[in-house]
Structure formats: structure tokens, C-alpha cells
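Given next are the chains, with one letter for each unit.
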Amino acid sequence: MTNAPTSPDRTDRQIWMSVLARASAEALREHLADVPPLPAHRRLKGPDTGLVMLRGRAGGDGTAFNLMEATVTRCTVSMGEHMGHATVMGRDLAQAELAAAIDAALQNPELRDALMASVVEPLAASQDSARAETARKAEATRVNFFTMATMR
Amino acid sequence: MMQPGFADPVLDAQSAFRAVLEALSHPGRIIPIAPAPIPPAPLSPAMGALALALCDADTPVWQDGGAQAADWLRFHTGAPFAEAPAAMFLFATGRPPALSTLNLGTDEVPQDGATLVLNVASLKAQGTLRLRGPGIKDEVSLGVEGLPENFLAERAALRPHFPRGLDIVFCCGAQIAALPRTTEVI
């Protein structure tokens, strides 16, 4: 969550995986309706639900601490010669499997452009606007306290 | 391309565990493992089943099956790889390392001794090996083809170290037979 979606040191695959991981199963299905059906995939691991420890760090030099455990669902599938992975928050098994299948399909150069245009980019755009909306609402509640210097 | 592991990770691992328990409690008895996964060659299905049922992030593993087998084991078990003397499970498809160099446990914790899983050419209920020891009434015989040269002599040389020692599981296809450290080959 800390990496901004467009930070330059992330690969294309990292970017699409993070977009897919944040999209609900319904949203994924809705966007997949616009492209030809995905090739069949085979489950390699999962989908299974478990806990991961989220670690946090207070300040730049603070030591890491365990913030909380989060429920995640992971899945790995194979599609042809490609392997797709997904780890999504929550316990929606179908969402994890679908995200993993799309990750595998995106590694296939023949399918990539269509999927990027009709699945990943629209999802990224809606996630960006949702994020901007939250930031805008939060910004509206900002309170600037008077400092000692301006109090006369 | 990555091969899948167990079709049902929980139930299949439990039945593989049960088969290993059965084999170790009745040395020399041939026990089928079903259902077994299909791991990449040269790992045998029985060997794959044992790896998936017994290995995890806490069990250092040694194997000689090559890169594909290593990828498969790492992906499905999450086990770290180790040099032969430090490994808890050894999956040998060819000649295993010298048995005396392996981890035999200590007198305080002999159960820490390694388990050697060895592919053999064939397993038959009757054969040249005559076995005696706990779990065997009087004597049983076991036919094993494709044992490495001097293997039984190397194993016999570990006997004075008891209770330290190695437990050995032979795999052939989807069948296993075990030779725990308590069993004597006569």
C-alpha cells in the first residue's frame, strides 16, 4: 500500500498485479466481459485463505513493529507456460483465482494489449479516482492551527 | 512448466502421512500411496507425495533431481535447501551422499536424525533382503532392485551409533517401503 501506483521503480507486472489485487471479483468479471474469454487455467496452489502480518515503521529511523494481521486469500494458477499469482485482501476465493488467471494471461504477449486496455487500465483509473476522492474529502477537513508566531 | 501438487492438499497429505506411518511401523512392507502427485522427473510420485506431506519451512531438504525438481519442491513445500549433512529430508534419485556424513541426530534427540528417501528400480514383497527388528514378526523379506553399491554395508556401519541413525524410505512409482534405523538386515 505504501508504493504509489505510478512510482518509477515498479515493473509493469507489479503495477498490474496491484491493480488486480485491489479489484473486486465483480469488477474483474464486468471488465472481462469486454474481451475474448481467457484460456483455461489450472490451479497450482490454493485459492486458500490465511493471515499475514502487516508490519509498520514509525518515522524514518523507527524499528519495524507488527501493526496487525490481515486476512488474505492467495492463489497460483498456470496457463500454458505462464504462472499467475494473486494475493488479495479478504476471503473471496473467486477473486483471488480470477486475479491470478488474469495475471497469467497478461504475461502472454498475444493477450496483453487487449487485457491492459479493457481490464487493467479502466480499473486503475477508477481506483485512482476513488483514491483522489478520499484525499479530497480528507483535505476539506484540514484544520490549520495558529502557531505561536501568528498569535498576537 | 510447473506441475500441480496434491489435488486435495489436506486429505491427500493426510493419506500420504498415514502411508509413511504404516511403512515405518511395518518395515519391509510395501505400501501404496494414493492419490500421489505427478512431480517433475526424476522425482517419483511416491517421493513427491512424501515431500508434500512431510516437508515445510522448518525442514531443510537436500535433493539431486535437478532444477525443475528443485523448483517444484520449493514452490509446493516452501522448504529451504541445505547441504546433505544439514538436511532433515534427503530425496535421492541417484546415488545418495555417503550415509556416515548425514545428520544422525544426537544421543539426546535421536529423532533429529535425517530421513533418506531413495528412488529404487523395483520393490517386491519377496526378495533377497531379510529383515528383522521391531514391527516385524520373526522375519520378512523384501526385494529391492537398483540399490547403490555398498549401500547396505554403509547402513550397517551406522548400527553401533544407535539410537542415532538414519531412517530410509524406498520409493518406486507410487509405492514405498521403509527401513527404519531399528531394522536389521540379515
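Here goes a summary of the coordinates provided. (Residues numbered from 1 in each chain as written. Chains lettered and ligands numbered in written order. Predicted model: local features only at pLDDT ≥ 70, side-chain atom pairs only at ≥ 80, totals over all residues.)

Considerations on the overall build of chain A
Consideration 1: Helix and strand counts for chain A come out as four helices and three strands.
Consideration 2: Listing the helices and strands of chain A from first to last along the sequence gives α-α-β-β-β-α-α.
Consideration 3: Relative to its length of 152 residues, chain A is extended, with a C-alpha radius of gyration of 19 Å against a globular reference of 15 Å.
Consideration 4: For chain A, buried positions account for 24% of its 152 residues. (Helix = DSSP H or I, 4+ residues; strand = E, 2+ residues; numbered from the N terminus. Rg over C-alpha atoms; globule rule 2.2 N^0.38 Å. Buried ≥ 20, exposed ≤ 12 C-beta atoms within 10 Å, placed from the backbone.)

Considerations on the overall build of chain B
Consideration 1: Regarding its fold elements, chain B presents four helices and nine strands.
Consideration 2: From first element to last, N terminus to C terminus, chain B shows the α and β order α-β-α-β-α-β-β-β-β-α-β-β-β.
Consideration 3: Its C-alpha radius of gyration of 15 Å places chain B within 12% of the 16 Å reference for a compact globule of 186 residues.
Consideration 4: Seen along its three principal axes, the alpha-carbon backbone of chain B occupies a region of about 45 × 30 × 30 Å.
Consideration 5: Within the span of chain B, comprising 186 residues, buried residues form 41% of the whole.
Consideration 6: Considering only contacts within chain B whose residues lie at least 6 apart along the sequence, 64% involve residues at least 24 apart. (Contact = placed C-beta atoms within 7 Å.)

With respect to the sheet that holds strand β9 (residues 184-185) of chain B
Residue and element names in this part refer to chain B.
Consideration 1: Strands sit in the order β6-β5-β9 across an open sheet of three strands; the sheet is antiparallel. The sheet terminates laterally at β6 (140-145) and β9, the two strands that pair on one side only.
Consideration 2: Where strand β5 (residues 122-132) lies against β9, two bridges are found, and the strand directions are antiparallel. Paired with R132 across the strands is E184, a residue of β9. (Pairing = 2+ DSSP bridges.)

Regarding the environment of L123 of chain B
All names here are of chain B.
Consideration 1: Positionally, L123 belongs in strand β5.
Consideration 2: Its 22 C-beta neighbours within 10 Å are what place L123 among the buried residues.
Consideration 3: Sequence spacing of L123 and P39 is 84 residues, and the spatial spacing of their C-alpha atoms is 20 Å.
Consideration 4: Ignoring sequence-local partners within four residues, the contact set of L123 consists of I30, G143, V144, F170, C172, Q175 and A177.

What to know about the nonpolar core
Consideration 1: Ranked by size, the top nonpolar core spans 54 residues in total, and within it L50, V117 and I176 of chain B carry the most contacts.
Consideration 2: A total of eight residues in this core trace back to one element, the largest contributor, which is helix α2 (residues 45-54) of chain B.
Consideration 3: Setting aside residues up to four positions removed in sequence, L50 of chain B forms contacts with A16, V20, V117 and V169 of chain B.
Consideration 4: Counting 25 residues, the second-largest nonpolar core is a separate cluster that includes V19, A99, A104 and A124 of chain A. (Core = buried A, V, L, I, M, F, W, Y, C linked by C-beta atoms within 7 Å.)

Here we look at the pairing of strand β3 (residues 82-89) of chain A
Consideration 1: Direction of pairing for strand β2 (residues 64-79) of chain A relative to β3 of chain A: antiparallel, over a ladder of eight bridges. Across the sheet, S78 of chain A pairs through a bridge with M83 of chain A, a residue of β3 of chain A.

Things to note about the environment of D34 of chain A
All names here are of chain A.
Consideration 1: Along the chain, D34 turns up in the loop between α2 (25-32) and β1 (42-57).
Consideration 2: For D34, a count of 12 C-beta atoms within 10 Å translates into the label exposed.
Consideration 3: Measuring from C-alpha to C-alpha, the distance between D34 and V119 comes to 8.3 Å, with 85 residues separating the pair along the chain.

Examining the pairing of β1 of chain A
Consideration 1: Where β1 of chain A lies against β2 of chain A, 13 bridges are found, and the strand directions are antiparallel. Each bridged residue has a counterpart across the sheet, and for T49 of chain A the counterpart in β2 of chain A is T73 of chain A.

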